[in-house]
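Structural overview for review
Below, each chain spelled out in residue letters.
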Amino acid sequence: MVLVIKFSSDFLREKRMSSVTMSLFSGVEQRQPGLYSAKISVMTPWGAPLVWGDSESSVWRRDKFAHLGARTGLAILAIGNYNHYLQRLLSSAELYFLLNFYVTYYVLTDKPQELDRPLKLGLNRELRVIPVAEMPGWDRLGLRRMALLATIIKEQINLEVDYVYCIDVDQEFTNPVGTEILGKLTATLHPLFYGKPRYVYPYESNSDSQAYVANGEGDYYYSSEFYGGLCSKVLAMAQTCSLLILQDQDKGVRAQELEESYLNRYLIDHRPTCVLSPEYNWWESPGGPKMPTQRLRSVGRQCFSTGNYNGDTNVC
Ligand SMILES: CC(=O)N[C@H]1[C@@H](OP(=O)(O)OP(=O)(O)OC[C@H]2O[C@@H](n3ccc(=O)[nH]c3=O)[C@H](O)[C@@H]2O)O[C@H](CO)[C@H](O)[C@@H]1O
Ligand SMILES: [Mn+2]
């Protein structure tokens, strides 16, 4: 079902956004989640919220956003046989993602005719299928997604919603994800490097690459599976990262972790205003942390880490 939503005027939108983006967090707060005895930080060193969905500050942030009616887009790339992941992601989002808010799913796919029959979506939720001419392969698309994202935000998403989040299609929501994730620029901590010393982060080490990170730079290592924010901020990030990727390609250089390397470089230069804990990007793996609540599970990385993946995504 496709719903058509009437949006408020630009004036109201501007007005609303200025209140949405005010600082919603004050004071350093620590909490003690049920499973842990150690205290967990809920603020980054630069004062941005570090989000645990059940923390008091998240409850407070959700209350603050409750009446603002933010509209959010979820940008999903589903090329080649990765389109088989789509239904699982969308049905889990209908159960858990920003319930009672306006949500538009933007599915960029090379095979619009071959997608599963559209789900019956909840009230105020829409699906837009956008045909794109792209070749499959995570290594190839890891260098293309930022450019595709920039184009679609500029041409369409920016006109229709306030916030946009880019999500890997090989994931599923497993618990509620609400407006606590909203921020001007939101990034998610990579679970395998959470709580680890900086020197183990896989920042780009080739100084010829535009993604290069020198010793001593960087706060956290972020995941490329879920990030977002205000359309204007995500557009600026996607444009910058796609330019850095093109500059590297021109020199025949390729950062080791593809999109994730450029994302991390950008987020060192432009610190996120909202940092999601690994509750929002997790999978079970020998080296992974135990999360008190898991909200967004990476089916693909899970499959890879358990050794089931041998190049065939259909097994995941
Ligand atoms: C399956 C796989 O090897 N994953 C590797 C990839 O995980 P990633 O999670 O970074 O890659 P991924 O395979 O999930 O691809 C990223 C996203 O691109 C889209 N997409 C990708 C390929 C494709 O043919 N069609 C398509 O639509 C899709 O939305 C997917 O979720 O990189 C990581 C390092 O950064 C690790 O090395 C992971 O093991
Ligand atoms: Mn993935």
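The rules behind each value
- Residues numbered from 1 in each chain as written.
- Chains lettered and ligands numbered in written order.
- Predicted model: local features only at pLDDT ≥ 70, side-chain atom pairs only at ≥ 80, totals over all residues.
- Heavy atoms only, no water.
- UniProt positions renumbered as here; feature names shortened; annotations may be inferred.
- Helix = DSSP H or I, 4+ residues; strand = E, 2+ residues; numbered from the N terminus.
- Contact = heavy atoms within 4.5 Å.
- Phe/Tyr/Trp six-rings, centres within 6.5 Å; stacked < 30°, edge-to-face > 60°.
- Buried < 20%, exposed > 50% of the residue type's maximum accessible area, 1.4 Å probe, protein only.
- Donors = N, O, S within 2.8 Å, 3.2 Å for Na, K, Ca; no water.
- Tetrahedral: all angles 85-135°; square planar, octahedral: opposite > 155°, others 65-115°.
- Salt bridge = Lys/Arg side-chain N within 4 Å of Asp/Glu carboxyl O.
- Polar contact = N/O pair within 3.5 Å; in protein donor to acceptor, adjacent residues only side chain to side chain.
- Near = heavy atom within 4 Å.
- Areas by Shrake-Rupley, 256 points an atom, 1.4 Å probe, with all protein chains shown as cover.
- Nonpolar A, V, L, I, M, F, W, Y, C, P; charged D, E, K, R; others polar.
- Pairing = 2+ DSSP bridges.

Looking now at the UniProt feature "active site" (unreviewed entry) in the chain. Per the UniProt record, "active site" (unreviewed entry) is annotated on Glu260. Note on placement: Glu260 falls in helix α7 (residues 259-269). Among residues more than four places away in sequence, those in contact with Glu260 are His190, Tyr221, Tyr222, Ser223, Ser224 and Arg301.

Counted by the stated rule, this structure contains eleven aromatic pairs. With 6.4 Å between their ring centres and 45° between their planes, Tyr201 and Tyr221 make a pair best called tilted. A residue pair is termed long-range when its members are at least 10 positions apart, and Tyr201 in the loop between β9 (185-189) and β10 (222-230) and Tyr221 in the loop between β9 and β10 qualify at 20 residues. Accessibility expressed as a relative area gives 2% for Tyr221, which makes it buried.

In this section: the coordination of the manganese ion (ligand 2). Coordination of the manganese ion (ligand 2) by the protein involves Asp168 (OD), Asp170 (OD), Asp170 (OD) and Glu225 (OE), with metal-donor separations of 2.1 to 2.7 Å. Every donor counted, the six donor atoms about the manganese ion (ligand 2) form angles of 50 to 172° at the centre, which fits irregular coordination. Sequence spacing of the donors to the manganese ion (ligand 2): D-x1-D-x54-E. Of the two residues, Asp168 sits in the loop between β7 (163-167) and β8 (171-173) while Glu225 sits in strand β10, which places them 57 residues apart along the sequence. Asp168 sits in the buried class, given a relative accessible area of 14%.

A separate point is the pattern of salt bridges. All told, the structure shown has 17 salt bridges when counted by the stated rule. Here Glu180 ties to Arg62 by a salt bridge, and the two come within 2.9 Å at their closest N and O atoms. One end of the pair, Glu180, is in the loop between β8 and β9; the other, Arg62, is in helix α2 (residues 56-66), and 118 residues separate them in sequence. Classification of Glu180 as buried rests on a relative accessible area of 0%. Look at Arg62 and you get partly exposed, because its relative accessible area is 26%. Where Asp168 meets Arg145, a salt bridge forms, and the shortest distance between an N and an O atom there is 2.7 Å. Of the two residues, Asp168 sits in the loop between β7 and β8 while Arg145 sits in helix α5 (residues 145-160), which places them 23 residues apart along the sequence. For the pair shown, Asp168 and Arg145 are each scored as buried. Each of Asp54, Glu279 and Arg295 takes part in salt bridges that share partners, so that together they form one network.

Turning our attention to the side chain of Ser57. Structurally, Ser57 can be placed in helix α2. Judged by relative accessible area, which is 7%, Ser57 ranks as buried. Of note is the side chain of Ser57, whose polar atom sits 3.2 Å from the side chain of Ser55.

Take Ser285: it is sitting in the loop between β11 (274-276) and β12 (296-298). When residues no more than four places from it in sequence are discounted, the contact partners of Ser285 are Leu192 and Ser305.

Before going further, it helps to spend a moment on the site of ligand 1. Leu77, Ile79, Tyr82, Gly137 and Arg301 are the nearest of the 17 residues found near ligand 1. Between an oxygen atom of ligand 1 and a side-chain N or O atom of Tyr82, the distance comes to 2.5 Å. Within the backbone of Val169, a nitrogen or oxygen atom sits 3.2 Å from an oxygen atom of ligand 1. Summarising the interface, the protein chains cover 88% of the accessible area of ligand 1, which totals 720 Å² for the free molecule. Elements with a minimum of two residues in the shell around ligand 1: β4 (71-78), α4 (138-141) and α8 (299-305). Residue classes in the shell around ligand 1 are distributed as ten nonpolar, one polar and six charged.

Overall, mixed pairing links the eight strands, which are arranged β3-β11-β9-β10-β7-β4-β5-β6 in an open sheet. What marks the edges here is a single partner per strand, and that holds for β3 (50-51) and β6 (125-131). Relative to strand β5 (residues 102-109), β4 is paired through eight bridges, and the arrangement is parallel. Along β5, the bridge assignment pairs Gly73 with Thr104.

All right, on to the environment of Ser91 then. Structurally, the position occupied by Ser91 is in helix α3 (residues 86-96). The partly exposed category is assigned to Ser91, whose relative accessible area is 31%. Separated by 81 residues in sequence, Ser91 and Glu172 place their C-alpha atoms 8.5 Å apart. Polar side-chain contacts of Ser91 include one of 2.7 Å to the backbone oxygen of Gln87.

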